[in-house]
Structure formats: structure tokens, C-alpha cells
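# Inside the fold
Chain by chain, the residues run as shown.
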Amino acid sequence: MKALILVGGFGTRLRPLTLSVPKPLVDFANKPMILHQIEALKAIGVTEVVLAINYQPEVMLNFLKDFEAKLEIKITCSQETEPLGTAGPLALARDKLIDESGEPFFVLNSDVISEYPLKEMIEFHKSHGGEASIMVTKVDEPSKYGVVVTEESTGKVERFVEKPKLFVGNKINAGIYLLNPSVLDRIQLRPTSIEKEIFPKIAAEGKLYAMVLPGFWMDIGQPKDYITGLRLYLDSLRKKASPKLATGTHIIGNVLVDESAKIGEGCLIGPDVAIGPGCVVESGVRLSCCTVMRGVRIKKHACISSSIIGWHSTVGQWARVENMTILGEDVHVCDEIYSNGGVVLPHKEIKSSILKPEIVM
Amino acid sequence: MGGSEERVVVAVIMVGGPTKGTRFRPLSLNTPKPLFPLAGQPMVNHPISACKRIPNLAQIYLIGFYEEREFALFVSSISNELRVPVRYLKEDKPHGSAGGLYNFRDQIMEESPSHIFLLNCDVCCSFPLADLLEAHMSYRGMGTILVIKVSPESANQFGELVADPVTNELLHYTEKPETFVSDRINCGVYIFTPDIFTAIQGVSSQRKDRATLRRVSSFEALQPANRSLPSDFVRLDQDILSPLAGKKQFYVYETTDYWEQIKTPGMSLKCSGLYLAQFRRTSPDLLASGDGTKNAAISGNVYIHPSAKVHPTAKIGPNASISANARIGAGVRLVNCIILDDVEVKENAVVIHAIVGWKSSIGRWSRVQASGDHNTKLGVTILGESVTVEDEVVVINSIVLPNKTMNVSVQEEIIL
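Residues numbered from 1 in each chain as written. Chains lettered and ligands numbered in written order. Predicted model: local features only at pLDDT ≥ 70, side-chain atom pairs only at ≥ 80, totals over all residues. Heavy atoms only, no water.

By the naming in an unreviewed UniProt entry, chain B is Mannose-1-phosphate guanylyltransferase, taken from Salvia divinorum. What UniProt records for chain B under Sequence similarities (unreviewed entry) is the sentence "Belongs to the transferase hexapeptide repeat family." (UniProt positions renumbered as here; feature names shortened; annotations may be inferred.)

You'll find chain A entered in an unreviewed UniProt entry as mannose-1-phosphate guanylyltransferase, with Salvia divinorum given as the organism. As recorded by UniProt, the Sequence similarities (unreviewed entry) comment attached to chain A reads in full: "Belongs to the transferase hexapeptide repeat family."

Here you go:
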């Protein structure tokens with residue numbers, strides 16, 4: 001079985017992290033974002049994943065070589081030379097997605113984190129016999145997105161409403177699709193929107209069905225949602241009683257600690273913290289609602305909350321870092337510094353406090 | 001071995017590296033700072049062209065931290081174009097401003113030069129190198145430093161020097177002092193005789209010996225000034241010039257021409273203007289001209305690359321620089337700006353006090369402008385590579401990082 005992951009463009013909303021690596025390779029819960037999706041696809045028997053990209057293919061391809069070998073799954077890239085929207089890339093990758101088996105293929109959006117109930121989706125798709133299935137998820141503020149209106153009992157999609165002004169429903173497109181190869185016949189190789197042009201046509205023919213996504217869903221394409229997404233993800237690990245979650249008297253709530261990370265004495269870690277490979281958390285440190293990426297050193301007595309600390313950065317002794325501070329790669333916060341929402345580009349040293357949210361270039 | 005044989009001269013230009021000079025962002029996010037164009041030529045071209053005018057110049061070395069492949073193409077093309085031999089030497093780790101020179105002493109001394117010029121790439125000035133050499137030969141010291149007089153208020157951003165008014169000997173040197181020492185500052189352009197290497201080695205060995213002898217108290221060890229530096233990390237200013245001031249080793253030569261440091265994008269715009277003014281004096285045929293009939297109306301000093309297309313109804317200048325393959329549409333007004341390669345400026349747009357990054361697109365009737373204060377962070381509007389400003393949008397006193405689309409107007413903002 002095959003799958004396509006829409007990787008898209010420059011990831012500017014996740015800067016400064018995406019100034020160092022392309023967005024799919026930004027770590028989430030101690031693993032590159034795209035690996036969460038590739039592993040979920042591998043688990044249900046997908047043998048080939050095509051990445052639809054238009055930016056930094058060399059970096060992606062290098063990284064993928066490692067994972068192709070480790071995961072024993074074939075990974076190829078389909079590179080857009082001009083932006084093709086959300087449907088165009090499928091046409092571009094047509095030859096890679098169709099084979100003689102006539103099996104449907106998955107399409108995932110690389111910014112999305114969820115439980116990936118792909119096996120259930122395959123069964124749903126078989127049972128309704130339509131041409132395409134999409135996952136929808138319930139949200140509090142549907143008007144921010146495209147709402148999918150469905151028939152309650154069958155899940156048949158009646159229509160799509162983009163950013164509705166009045167309430168029409170609370171389910172939105174979760175960015176996970178299972179499509180029959182015939183869908184590719186509907187897509188031309190030009191900039192095309194799958195939500196605005198392709199799906200509405202299939203829905204009008206009564207051949208599009210929506211399944212409500214069980215479990216959590218988050219678009220982690222920007223820092224605020226990244227942090228919320230981590231909370232939801234760790235919560236789902238807790239529900240599954242995953243052994244990956246850390247335990248100990250110094251742990252509160254859901255915490256992920258890579259086995260190569262070191263944590264000192266007298267720390268209090270959690271809730272909703274991920275500590276990456278090779279990190280050193282010295283003694284007396286308080287961490288909550290934050291992500292600490294590979295190779296970071298947090299010095300003694302520091303306190304970090306609601307922030308993202310980029311690869312190989314350091315946070316000084318008694319420093320306080322909070323309120324959506326995002327440190328890019330190799331950023332060094334000096335001792336006793338306070339950062340309130342500082343967004344710091346890579347390779348900087350912070351020698352004076354940042355009292356209100358500010359971008360440091 | 002005759003004493004009358006002519007000895008050659010070499011020049012070393014320090015070009016920095018990708019993690020240094022973060023103040024040049026966002027322009028340095030996609031392009032190494034030394035290659036950023038000022039008055040239509042890469043920044044490092046200007047000191048290289050100045051070196052070319054030195055008699056008996058044998059070789060120019062560029063020393064920096066950029067990966068070789070970034071510089072290889074550039075170095076070979078500049079070598080061919082200016083017909084001067086240029087080599088790039090990559091430092092493996094930081095050695096300090098003097099340590100870097102010492103690290104490559106074998107290559108630098110290959111042709112037994114009698115004198116070595118040391119220049120910083122991010123300095124904008126007239127590079128009076130022949131005069132500096134002449135002055136140095138009359139003083140007969142180990143080195144001569146180019147200095148300039150600045151306002152007393154701004155002097156403390158630089159290295160301040162005190163020199164003997166008669167002999168021009170360097171008597172005192174201090175880097176960025178808190179109190180006023182002198183209004184003469186170090187321009188970052190030097191000439192040395194090969195004994196400079198002996199002096200640098202002296203500092204290295206002294207530091208190595210001291211490290212084994214001295215035991216520092218734990219409080220002292222915390223003070224940044226005492227943080228022990230590796231023995232091969234030698235800074236020109238603090239470790240060589242300061243201690244050797246007043247010992248008849250170093251001299252100064254004062255220039256009265258323009259001088260600026262190119263640390264920020266705002267300053268690069270100012271320096272581009274300074275070099276355009278220099279072209280007006282020395283090579284006016286490099287500058288554009290036009291009166292709005294057959295060609296666009298040109299006001300003041302303007303550089304337009306031969307491959308750029310400018311509509312005759314546009315008005316360009318003063319102080320505008322337009323790079324290769326840029327397209328300037330009808331009725332466009334450009335004032336004090338740098339338009340980089342492949343930019344499209346559509347009809348009737350206005351760009352004032354700004355730098356527009358490579359491949360960007362400026363929409364019809366849009367306005368990209370700033371206060372024009374080259375010294376403040378948002379005083380010059382900077383658009384990074386591939387930024388799109390949609391029709392009729394206004395971007396004022398802002399910085400926009402690469403690959404963004406501006407579809408709403410903004411003021412005083414940094415757009416990540």
C-alpha cells in the first residue's frame with residue numbers, strides 16, 4: 001500500500017526552528033515530526049511513502065536515507081517546481097501512487113499530529129464503498145477552518161463550508177485522506193485545492209465519506225499549537241499506559257525523557273515536558289509545558305515553562321524562561337536572565353533580559 | 001642574495017563566518033555577508049580592488065569560517081575578473097583576530113613578502129593602502145594602523161588610540177572604553193612587517209606558561225575578563241596593540257576620507273551610498289544616467305546592472321543600486337535603496353530607504369519605506385529573499401524574513 005505526505009513549503013510559522021531544518025524534520029516528542037506519520041503508515045502495512053516537497057530536498061533526502069534503512073519502508077520525494085496547492089502534488093506523484101493492485105492510498109498532511117487510526121479508516125473505507133474517505137475532527141472554533149457537513153448515520157459528506165459565518169457544524173477536515181486511484185483522474189497537474197475543488201465534486205456525486213477521528217488532533221505548524229499538541233500527545237500516551245512516560249519522585253504529570261538525557265538532583269519536571277537525546281538538566285531545575293531539544297544543557301536552578309528550547313542551546317543558572325519563549329538552534333541564555341516570550345534566532349547569546357515578547361535576530 | 005631585489009607585498013582580508021555577525025540578518029540568512037553587494041559589487045570586492053592598486057602585490061588571502069564551496073566559485077571569478085590572485089583559507093576554529101593571521105603564517109609567508117596588509121571585510125572606506133605603505137616605511141615599526149577621527153560621543157564603540165602628534169607612534173590603545181580616551185579610532189586596516197608573527201607567538205607562549213603557573217581564585221574565575229583563553233587565541237587589539245603601545249613598535253596613519261563599519265543591513269545601505277559617491281569621483285562611467293526620455297530619469301548616484309530592465313517612466317535615485325535581472329516597472333520611484341537580483345518592482349510602486357531581497361516581488365502601487373535612520377534596528381526596511389508585497393500594501397520600518405507574503409500593511413514589525 002502507498003501513501004503521500006504533503007510536506008509543502010518553508011514552514012515560516014515555525015521559525016526560528018525552521019531556519020535550521022526543514023519543518024518535517026523539526027522534532028516533536030523527541031522524534032522528527034514526519035517520523036510520527038511514517039511510523040504510523042508502516043504499522044498498517046504501507047510499503048512506500050512519497051513526500052511531496054518544494055523546499056530543501058537535499059536535506060530531506062539525506063535524512064530519509066537513514067530512516068529508509070531503519071524502518072524498512074521505501075521513501076521517495078516528489079518535488080514541485082512551482083507550488084501546486086493541496087491537490088496538484090497528487091497528480092505530480094501519480095505514477096508512484098498507482099500500481100496494478102488498484103488499492104487506495106493514504107494522503108497525510110505533515111503538520112498534523114494525531115492518533116492515526118489508519119486501520120479503522122481502511123475498514124471504514126471498505127464498508128461504505130465510496131471513492132474517498134476523509135478524517136474529520138471536532139473543534140471548538142470551527143469558523144477558523146473549513147467545516148465538513150455530513151449525514152449523521154453514514155458519514156456521507158454533504159458539503160464543505162469554508163470559514164462559515166454561522167454555525168453549520170463543528171467537524172473540520174483533519175488532513176488525513178484515503179483515496180481510490182480514480183481520484184487521481186480528477187486532478188490536473190496545476191495549482192489545485194483539494195478542499196475547494198476536488199472534494200466538493202466527489203461529495204456532490206455522493207462518493208465522499210467522513211469518519212470522526214477518535215482521539216486527539218492538532219496542527220502543530222506554529223509554536224503555540226506545538227506546545228498544546230505536545231500536551232495532547234503525552235496525554236494519549238498516558239491513556240495507553242505507555243512505558244515511554246517517565247516516572248519518579250521528580251516527575252509531575254506526563255513527561256518524556258530520552259534515555260540518553262541526564263537529569264540532576266532536586267529537579268521538578270512536568271507536566272507536559274519532552275526532553276530530547278543528549279540533554280543535560282542540572283540540579284534544581286524546574287521544567288513545565290516545554291520541549292527541550294537534542295543536546296540542550298539546562299544549568300542549575302533554572303526555571304522554564306511554556307517554551308521551546310532549540311537544539312544545542314543552553315539556559316544559564318537561575319535563568320527564567322517562559323511565556324512562549326522559542327530559542328532557535330545554538331542559543332545561549334546567560335545566567336540569571338529572564339525571557340518573557342523572547343523569540344531568538346539561531347547562534348545568539350542572550351546577555352540581557354527580555355521583559356516582553358520580542359524577536360531577537 | 002642581493003639586498004636590492006624587490007620584495008612583494010601580500011594582503012589578508014578577514015571575512016568572518018556564518019555564525020558570526022548575526023546583526024546582518026536577515027540578509028545573511030541566505031547569502032554570506034562578504035558577498036552582499038554594495039554599489040553593485042560584492043562587499044569584499046571593494047577591499048580587493050583597493051589591494052590591486054598596491055605596487056608589487058603578489059597575493060590576496062581571504063580568511064574566514066565559511067565552507068570552502070561557498071567561496072570557491074566567487075574566489076575564482078573575482079580572480080579572473082580583477083586579474084589578481086585571491087585564495088580563500090578556512091579557519092578550523094576561532095583563533096582571534098591575530099591568531100587567525102598566525103595560524104596561516106606559512107601560506108602568508110610563502111613568497112617572503114616584505115609587508116602584510118590586514119583588512120577587515122566589513123569596513124567601508126577609501127582604503128588608502130599605498131599611502132599607508134609609504135607612511136609605514138617611513139616609520140619603520142612593526143606595524144602601522146589606519147585611524148580616523150570621529151565624534152567623541154561615538155568613539156567608545158571602537159578601539160580608541162592615542163598617538164604622538166610628531167612621530168605618530170602609537171602611545172596607548174584601548175578597546176571600547178567606558179570613559180573618553182581619544183577621538184581617534186582604529187579603522188580595522190593595518191600593515192605589518194613579518195615580525196608581527198613573532199609578537200603573536202610571544203603572546204601564545206606567555207599565555208601557555210601563565211596557565212600552568214597561575215592559580216585563579218574561584219571568584220576571579222567567574223569574571224569574564226579572566227576567563228582563560230586557549231593559548232592559540234590571540235586578539236590583535238587587546239593582546240598585541242594594547243600591551244605594545246608606547247614601545248616604538250606601532251604607528252598610526254590618519255585618513256580624512258569616509259569610514260564606516262558594515263555591521264547591519266541599515267549600515268550596508270549607507271555604505272552602498274558612500275561607494276556610489278566614490279564611483280562618482282573615480283569611475284563615473286560605472287554610474288547610470290538618464291533624463292526620463294529614452295531611459296529612466298536618474299537623480300544623484302545610481303548603479304544599474306546591465307541586465308536589469310528599468311521602464312523609462314520610472315524615476316531612480318539618489319543612492320539607488322539595482323542588481324542583475326531586476327525589473328523596474330512603469331512609474332516606479334526608488335530612493336536610497338538596494339534592489340537585489342531578480343527582483344520585480346511593479347507599476348507605480350514606491351521604495352524609499354529599503355533593501356529588497358533577491359527574487360522578491362513588489363506589487364503595484366505598494367509602498368516599501370522607512371525613516372532612513374541607518375543606525376536603528378528598524379530604520380531601514382529590509383525584505384529578505386523571495387518576499388512578496390502584494391498590490392497596494394504598505395510596509396514601513398519593518399523587517400521581513402525570506403519567503404513571506406505581505407498581504408496586509410504593517411509598521412514597525414519584524415515578520416518571521
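## With respect to the overall build of chain A
Helix and strand counts for chain A stand at 7 helices and 29 strands. Relative to the globule expectation of 21 Å for 361 residues, the C-alpha radius of gyration of chain A, 21 Å, shows essentially globular dimensions. Considering chain A as a whole, with its 361 residues, one finds that 55% of them fall into the buried category. Taking all contacts inside chain A whose residues are at least 6 apart in sequence as the whole, residues at least 24 apart take part in 49%. Counting only carbon and sulfur atoms, one obtains 50% of the accessible surface of chain A, whose full area is about 15500 Å². In chain A, the 41 positive side-chain charges and the 43 negative ones have mean positions that sit 2 Å from each other. (Helix = DSSP H or I, 4+ residues; strand = E, 2+ residues; numbered from the N terminus. Rg over C-alpha atoms; globule rule 2.2 N^0.38 Å. Buried < 20%, exposed > 50% of the residue type's maximum accessible area, 1.4 Å probe, protein only. Contact = heavy atoms within 4.5 Å. Areas by Shrake-Rupley, 256 points an atom, 1.4 Å probe, with all protein chains shown as cover. Lys, Arg positive; Asp, Glu negative; His and termini not counted. Charge placed at Lys NZ, Arg CZ, Asp CG, Glu CD.)

## Brief notes about the overall build of chain B
Helices and strands together make up the secondary structure of chain B, namely 9 helices and 31 strands. On C-alpha atoms alone, chain B measures out to a radius of gyration of 23 Å, which is about the 22 Å that the 2.2 N^0.38 rule sets for 416 residues. Projected onto its principal axes, the C-alpha coordinates of chain B cover approximately 70 × 60 × 40 Å. Here chain B holds 416 residues, and the buried ones make up 54% of them. For chain B, long-range pairs separated by at least 24 residues make up 56% of all intrachain contacts whose partners lie at least 6 apart in sequence. Of the roughly 18700 Å² of accessible surface on chain B, a fraction of 48% belongs to carbon and sulfur atoms. One finds the centroid of the 41 positive side-chain charges in chain B at a distance of 2 Å from the centroid of its 43 negative side-chain charges.

## Let's talk about the sheet that holds strand β19 (residues 327-328) of chain B
For sheets, the rule is that strands pair by backbone hydrogen bonds, running either parallel or antiparallel. Residues and elements named next belong to chain B. One open sheet holds the 6 strands; their spatial order is β16-β19-β21-β23-β26-β29, and the pairing between them is parallel. Sheet topology places β16 (309-310) and β29 (405-406) at the edges, where each strand pairs with a single neighbour. Where strand β21 (residues 344-345) meets strand β23 (residues 361-362), 2 bridges bridge the pair, whose relative direction is parallel. Considered in β23, the bridge of V345 is made with I362. (Pairing = 2+ DSSP bridges.)

## What to know about the nonpolar core
F36, I48, I60, L62 and F117 of chain B are the most contacted members of the largest nonpolar core, which totals 96 residues. When neighbours within four sequence positions are excluded, L62 of chain B is seen to be in contact with I13, V15, V44, I48, F71, F74, V75, V86, R87, Y88 and L89 of chain B. Judged by nonpolar contacts, the second largest core, of 42 residues, contains V7, I38, M60 and L64 of chain A. (Core = buried A, V, L, I, M, F, W, Y, C linked by side-chain atoms within 4.5 Å.)

## A closer look at empty space enclosed by the protein
Residue and element names in this part refer to chain A. Counted according to the given criterion, the structure contains 1 cavity of 30 Å³ or more. Lining the largest cavity we find M1, K2, L97, D99, S101, E103, P104 and F105. The residue inventory of the lining of the largest cavity, partitioned by class, reads 4 nonpolar, 1 polar and 3 charged. (1 Å grid on protein atoms, 1.4 Å probe; cavity = no way out; pocket = protein on both sides within 12 Å on 5 of 7 lines; lining within 4 Å. Points joined across faces, edges and corners; volume = space filled by probe spheres on them. Nonpolar A, V, L, I, M, F, W, Y, C, P; charged D, E, K, R; others polar.)

## Details of helix α8 (residues 236-244) of chain B
Within the span of α8 of chain B, buried status applies to L236, D237, D239, I240, L241 and L244 of chain B. Downstream of α8 of chain B by one or two residues, G246 of chain B has phi in the positive range, about 80 degrees.

## Regarding the interface of chain B and chain A
Listed as interface residues are 13 residues of chain B and, on the opposing side, 12 residues of chain A. Between chain B and chain A, roughly 1200 Å² of surface is buried when both sides are summed, and carbon and sulfur atoms account for 61% of that area. Summed over the shared surface of chain B and chain A, the result is 0 salt bridges. For the pair chain B and chain A, the interface holds 6 residue pairs in polar contact (both at pLDDT 80 or more). Looking at the side of chain B that touches chain A residue by residue, the class counts come to 7 nonpolar, 3 polar and 3 charged. (Buried area = accessible area lost by both parts, 1.4 Å probe. Salt bridge = Lys/Arg side-chain N within 4 Å of Asp/Glu carboxyl O. Polar contact = N/O pair within 3.5 Å; in protein donor to acceptor, adjacent residues only side chain to side chain.)

## Quick word on the environment of M137 of chain B
Of note, M137 of chain B is situated in helix α5 (residues 129-139). Classification of M137 of chain B as partly exposed rests on a relative accessible area of 48%.

## Quick look at the layout of surface pockets
All names here are of chain A. Its boundaries defined by the atoms lining it, the second largest pocket holds a volume of some 1500 Å³. Among the secondary structure elements, those contributing two or more residues to the lining of the second largest pocket are β1 (2-8), β9 (146-150), β10 (157-162), β11 (171-179), α6 (194-204) and β13 (217-219). Among the elements that take part in the lining of the second largest pocket, β11 stands out by supplying 5 residues, more than any other. Class assignment for the residues of the lining of the second largest pocket results in 16 nonpolar, 16 polar and 12 charged.

## Structural notes on the side chain of H374 of chain B
Residues and elements named next belong to chain B. Mapped onto the secondary structure, H374 falls in the loop between β24 (367-369) and β25 (381-383). Among the residues examined, H374 registers a relative accessible area of 17% and is labelled buried. In this structure, H374 is in contact with T264, G266, M267, L269, K270, N336 and V380, ignoring residues within four places of it in sequence.

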